[in-house]
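Breakdown of the fold
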Amino acid sequence: MKEKNILIVDDEPSVLRLFKLFFLRAGYNVLTAESGEEAIELLEEEKILVFFLDLRLPKMSGLELCREIKKSIPMAIIYAITGYASLFELSDCRVAGFDDYFNKPVSLPVLLKVTEEAFNKIERWRKT
Amino acid sequence: MFLFKSNENNIFKKILPIKYLALSIMIVWTFIASSLLVWNISTKKKGTLENAKIEARTLIRKDILYREWNSMHGGVYVPVIKDTVPNKYLNILERDVETTSGTKLTMINPSYMTRQVHEIENKRDGVKGHLTSLNPIRPENLPDAWEEKALKLFHKGKKEESSMEVIHNKVYLKLMATLIAEKRCLKCHAAQGYKEGDIRGGLSVSIPLLPHKNIERQQIQTLYITYSLFWFVGATGITTGFFFLIKKIKNQITNEIKIKDQERLQGVLEMAGAVCHELNQPFQAVLSASEIIQIKIEHEESISEEVSILIDELKKMGTITENLMNITKYKTKKYLNGSIIDIDEASNYNTHKKLKGKNK
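Below is a summary of the structure that appears in this document. (Residues numbered from 1 in each chain as written. Chains lettered and ligands numbered in written order. Predicted model: local features only at pLDDT ≥ 70, side-chain atom pairs only at ≥ 80, totals over all residues. Heavy atoms only, no water.)

Side note on a nonpolar patch on the surface
All names here are of chain B. Threshold: What goes into a patch is any residue over 30% in relative accessible area without a salt bridge, connected to like charges within 9 Å or, for nonpolar side chains (Val, Leu, Ile, Met, Phe, Trp, Tyr), within 5 Å. All accessible areas in this document rest on Shrake-Rupley with a 1.4 Å probe, and a residue is counted as covered only by the protein chains that are shown. Criterion for a salt bridge: a side-chain nitrogen of Lys or Arg within 4 Å of a carboxyl oxygen of Asp or Glu. Strands are runs of DSSP state E lasting at least two residues, helices are runs of H or I lasting at least four, and both sets are numbered from the N terminus onward.
Taken together, the side chains of Val-28, Phe-31, Ile-32, Leu-36, Trp-39 and Phe-230 present a nonpolar region at the surface, about 610 Å² in accessible area. For the nonpolar patch, the leading source of residues is helix H1 (residues 2-72), giving five residues. Mapping Ile-32 onto the fold places it in helix H1.

Some details on unusual backbone geometry
Lys-104 of chain A connects to Pro-105 of chain A through a cis peptide bond whose omega is 0°. Counting through the fold element by element, Pro-105 of chain A comes out in the loop between strand S5 (100-103) and helix H5 (108-127). You will see that Glu-94 of chain B, though not glycine, has its phi angle at about 55°, which is positive. Its location among the elements puts Glu-94 of chain B in the loop between strand S1 (76-79) and strand S2 (96-98).

Things to note about the interface of chain B and chain A
How we decide: Two residues qualify as a contact provided that any one of their heavy atoms is within 4.5 Å of a heavy atom in the partner residue. Each of two parts loses accessible area, computed with a 1.4 Å probe, when they are put together; buried area is these two losses added. For the purposes of these results, a polar contact is taken to be a pair of N or O atoms within 3.5 Å, where, inside protein, one atom must be able to donate a hydrogen and its partner to accept one; residues adjacent in sequence count only when each atom of the pair is a side-chain atom. Amino acids are sorted into nonpolar (Ala, Val, Leu, Ile, Met, Phe, Trp, Tyr, Cys and Pro), charged (Asp, Glu, Lys and Arg) and polar (every other residue, Gly among them).
Across the boundary between the two partners, chain B contributes 35 residues, which contact 28 residues of chain A. The contact between chain B and chain A buries some 2700 Å² in all, and 55% of this surface belongs to carbon and sulfur atoms. Applying the counting rule to chain B against chain A returns three salt bridges. A salt bridge links Glu-301 of chain B to Arg-25 of chain A, with the shortest nitrogen-to-oxygen separation between them at 2.7 Å. For the pair chain B and chain A, the number of links is eleven residue pairs in polar contact (both at pLDDT 80 or more). Of all elements in the fold, only helix H5 (210-298), helix H6 (304-325), strand S8 (332-335) and strand S9 (338-341) of chain B reach the threshold of two or more residues within the side of chain B that touches chain A. Broken down by element, the side of chain B that touches chain A gets its largest block of residues, 17 residues, from H5 of chain B. Classifying every residue of the side of chain B that touches chain A by side-chain character gives 13 nonpolar, ten polar and twelve charged.

Observations regarding the state of the cysteines
Filter applied, for reference: We call a pair of cysteine sulfur atoms a disulfide whenever their separation is within 2.5 Å.
Taken as a whole and assessed by the stated rule, the structure comprises zero disulfides over all chains. With no disulfide of its own, Cys-185 of chain B lies 8.8 Å from the sulfur of Cys-188 of chain B, the closest cysteine sulfur.

Comments concerning the sheet that holds strand S1 (residues 5-9) of chain A
Residue and element names in this part refer to chain A. Inclusion rule: Only strands joined by at least two bridges in the DSSP assignment are considered to pair. Note on geometry: axes are C-alpha line fits, over the in-contact stretch for helices, and angles between N-to-C directions span 0 to 180 degrees.
Spatially, the five strands line up as an open sheet ordered S2-S1-S3-S4-S5, and their pairing is parallel. In the strand order of this sheet, the two ends are held by strand S2 (29-33) and S5, each with one partner. Here the strands of the sheet are splayed against their neighbours by 20° on average, with no regard to which way each runs. Bridge analysis of strand S4 (residues 77-82) against S5 gives four bridges, and the strand direction is parallel. Bridge pairing in S5 links Ile-81 to Phe-102. Against the sheet, helix H2 (residues 36-45) engages S1, S2 and strand S3 (50-54), with an angle of about 140° to S2.

If you want it as structure tokens, here you go:
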């Protein structure tokens, strides 16, 4: 695997900064966006397969962004991170194409683990 | 408990005026039904009296007709028997005659005939007839007190007098009509100074009211039954309507309570959502910063940047709880598919301390 690109979308700059710092140290190439629109722009420039999306974003919601990503990159593995969601909304997440979801606050080592697994999965798919 | 009580109170307050209304409708209904019954009964009673009067007039009319037939002949001869002896008051030529075969006959004047008929009538039907005058030839023909009063009224122009009278514990209708002196009558009454058209006297009949009253009682009984049913149907209608209305109002109030509870739950959910959302954002930053600090400390790196993030985020959390404490109005914002309380907007806490407008 050449580039281990991950994209984190969250409207809270401090969260973005900390996530980025952590994943950089773990050896990933980290891209960040504060809105869905910004994230879509990045999709065109970079080859990204693993995503962490906050569900609540200004303008375009996390759900809509997830659908957009799945449309252009069917292989993408997308995780939702949400401050608050009811059961109904979580089921919406599954329909929209999220692979898993985490309630805030989520521990960084947990996210690191799922990221590693995601890349392992992608590696496996590549070989077949 | 307090809420429950106020709901009970609410139901009571709404139902009370309907109770009064139903009660007044019931009273009015009962009043109408009983007034109609009373009116009907009194009409029936008047009818009974009227029927008795008609009967009395018919009897009098028939008496007068037979009397006319008698005076048309200037008196009629009949055989003398035990009960029909010559009339000592009849001073007339050829009062008593004999047939060729020797049968004794005597002349019967109209009054004598009427008297005898009245005796038969009294025995058969209980009707009491009486021929009378203020100026009688026969002293037994003197009027009683009631008749005397009536006769005096006749002389003043009245044609008929009637009333209910109790005679020997029995109720009668007593009715009296005038007897006018006609040309035919004068053959025997001219001697007293009567002229044609004068009031010679009066004829009274007393009819037993019992048979009429019996019919009346049956009719009144039917009225009672009919009106009871009539009232009962109305009362049932009113009661049914009342309970139907009460049930409807109770349902309405329970529904209102249900809706209120749902609204409350909605509010609680919106609040929970808001608190989770607002606090979990800084929580995330605090947790992440702490985890990074842990790693950095192991590697003996500078942690000043993470610590300042920590401080910022903790201050932010303080602002959030202060906003929560100062919520004064209901204000929501869209959140995913639902809505949550907009803590910034709902709080009257200093505007400059509000969270940055990232959620707009």
